[in-house]
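Each chain, letter by letter, is given below.
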Amino acid sequence: MDLSLILTYRCDSRCSMCYIWKNPTDPAYEIDLKVLEKLPNTFDYLNITGGEPTLRRDLAEICDLLYPKTKKLEISTNGLHVDKIIPIVKKYPDIKIRISIEGVGETNDIIRGEKGGYQKKIEGMNKLIGTGGCDLGFATTFQDENIDHILEIYRYTLNLNIELATSALHNAFQFHKNDNVIYHRKALAKRVEELITEMLKSKKVKNWFRAYLNLGLIHKILGHDRMHACTQGTDNIFVDPWGDVYACNVRNDLYMGNLKKQDWNDIYNGATAKEVRKKVAVCPQNCWMVSSAKTAMRNKLHPKLPRTSVLWWVVFNKLKVELGGNINFEKYIDYEDIGSDENLIKRTSYLNDLDKKTVQSSESLKYTQLSNYFNR
Ligand code: SF4
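Residues numbered from 1 in each chain as written. Predicted model: local features only at pLDDT ≥ 70, side-chain atom pairs only at ≥ 80, totals over all residues.

Asker: With reference to specific residues and values, describe the site of the ligand.
Answerer: Near the ligand you find Cys230, Gln232, Ala247, Cys248, Val250, Arg251, Val280, Cys283, Gln285, Asn286, Cys287 and Ser292, and these make up its full shell. Its residues placed into classes, the shell around the ligand shows seven nonpolar, four polar and one charged. (Near = placed C-beta within 6 Å. Nonpolar A, V, L, I, M, F, W, Y, C, P; charged D, E, K, R; others polar.)

Here is the structure:
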């Protein structure tokens, strides 16, 4: 199984789609090495994320502890502090590094509130390549403001021989806001079609399967059902900076336990986890984040392989584009069916409702204002 570990809610970006930066954690309460030791050694994939994980002074020690616990360790970062990552990449060249980038030049800087951020990311990525990192890439969130840049970013990653992870704008309790709505769903989805076609033309097998993942993102953008059932809480779990364990970072009612107070096995196999998984099985949110999409795309009997339907779609459409044909997107996507946000469970931002310091440090108040999001 996979784990997403949110080391901190501190962040020095100022993103328009995520207000974690307005709600930082107090470092004194952030999950520490002693608690992280409790994690088992059996993960397929472990993503260190935030907030901005490079703001943790003990990031290198955390990587030393977690690297042997997983087949693949990732750091998701804003890329503004690459000098902190370089020694880690030198030590573990196969560590996966994904730098968030939301457009070319000023577009990135406007969306992410990062003065000179784009330039720093480009320079940082080149430094990491020079360091010998062998699993490097950018990560982009599709939104109206950057969709015209997506192909350019993808081609740039091809030139550098690095990866591009994609997601689509969505709401989550973790983001402390609920207005992450795509304004022109169909127009945005059509641009993603172009990316899918280019990915299938690529020589990298990974990109062919990313093409399928992006097909799922079109469904997400249009408000359709997921292509495969969500298995959060079973195949992927989130741990927040206070050690609280959630099935995902979207619904805060999917709480499974606390790693500071409990052992991993008690949480994962406990009665609370079982109840949470029942809610996941009927969850109407239809997310298609990388974490929940790639686990859902796996073959249930042979998790290292994709599902047969995924494999078939990839092989069929790869052959099609190689032979000069076009993907028949109408066959896979109903563009007449464009969802309404009224069907989604509405979240209420608690931004400005609580004093930041209180939210940071109080065990009892940290998500109090969000407790009614999914009260149904
Ligand atoms: S579909 Fe539901 S359970 Fe799955 S990630 Fe989204 S909110 Fe969480």
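Asker: So what's going on with the sheet that holds strand β7 (residues 236-239)? Residues and values would help.
Answerer: A sheet is described by the order of its strands in space; here nine strands give the open sequence β6-β5-β4-β3-β2-β1-β7-β8-β9, paired in mixed fashion. Of all strands in the sheet, those with a lone pairing partner are β6 (163-168) and β9 (255-258), marking the two edges. Taken over all neighbouring pairs, the strand axes of this sheet differ in orientation by 25 degrees on average, direction set aside. Running at roughly 170 degrees to strand β4 (residues 96-100), helix α5 (residues 117-131) makes contact with β4 and β5 (136-142) of the sheet. (Pairing = 2+ DSSP bridges. Helix = DSSP H or I, 4+ residues; strand = E, 2+ residues; numbered from the N terminus. Axes fitted to C-alpha atoms, helices over the stretch in contact; angles between N-to-C directions. Contact = placed C-beta atoms within 7 Å.)

Asker: Give me the packing of helix α7 (residues 185-201) against helix α8 (residues 205-222): which residues, what numbers.
Answerer: Following both chains from N to C, one finds α7 and α8 inclined at 170 degrees, their axes separated by 8 Å at the closest point. By the angle between their directions, the pair α7 and α8 is classed as roughly antiparallel. When α7 is examined against α8, the residues Arg185, Leu188, Ala189, Val192, Leu195, Ile196, Met199 and Leu200 are found in contact with a partner set consisting of Asn207, Trp208, Arg210, Ala211, Asn214, Leu215, Leu217, Ile218, Ile221 and Leu222. Its residues placed into classes, the contact of α7 with α8 shows 14 nonpolar, two polar and two charged. (Parallel < 35°, antiparallel > 145°, perpendicular 65-115°, else oblique.)

Asker: Account for the nonpolar core, naming residues and giving values.
Answerer: Grouped together as the largest cluster of nonpolar side chains are 87 residues, with contacts concentrated most on Phe142, Val192, Ile221 and Val239. In terms of residue count, α8 provides more of this core than any other element does, nine residues in total. Contacts of phenylalanine 142, omitting those with residues within four sequence positions, involve Ile147, Ile150, Thr166, Ala168, Leu169, Leu188, Val192, Leu217 and Ile221. (Core = buried A, V, L, I, M, F, W, Y, C linked by C-beta atoms within 7 Å. Buried ≥ 20, exposed ≤ 12 C-beta atoms within 10 Å, placed from the backbone.)

Asker: Report on the pairing of strand β3 (residues 73-77), specifying residues and quantitative values.
Answerer: The buried count for β3 comes to five of five residues, which makes it a mostly enclosed element. Bridging between strand β2 (residues 45-49) and β3 involves three bridges; their strand directions are parallel. Looking at β3, one finds that leucine 46 is bridged to leucine 73. Once the chain exits β2 it traverses helix α2 (residues 59-66) before rejoining the sheet at β3, and the crossover so formed is right-handed. For β3 and β4, the ladder comprises four bridges, and the chain directions are parallel. If you follow serine 76 over to β4, its bridge partner there is arginine 98. The β-α-β motif built from β3, the intervening helix α3 (residues 82-91) and the parallel element β4 has right-handed crossover chirality. (Right-handed = clockwise from strand over helix to strand, strands pointing away.)

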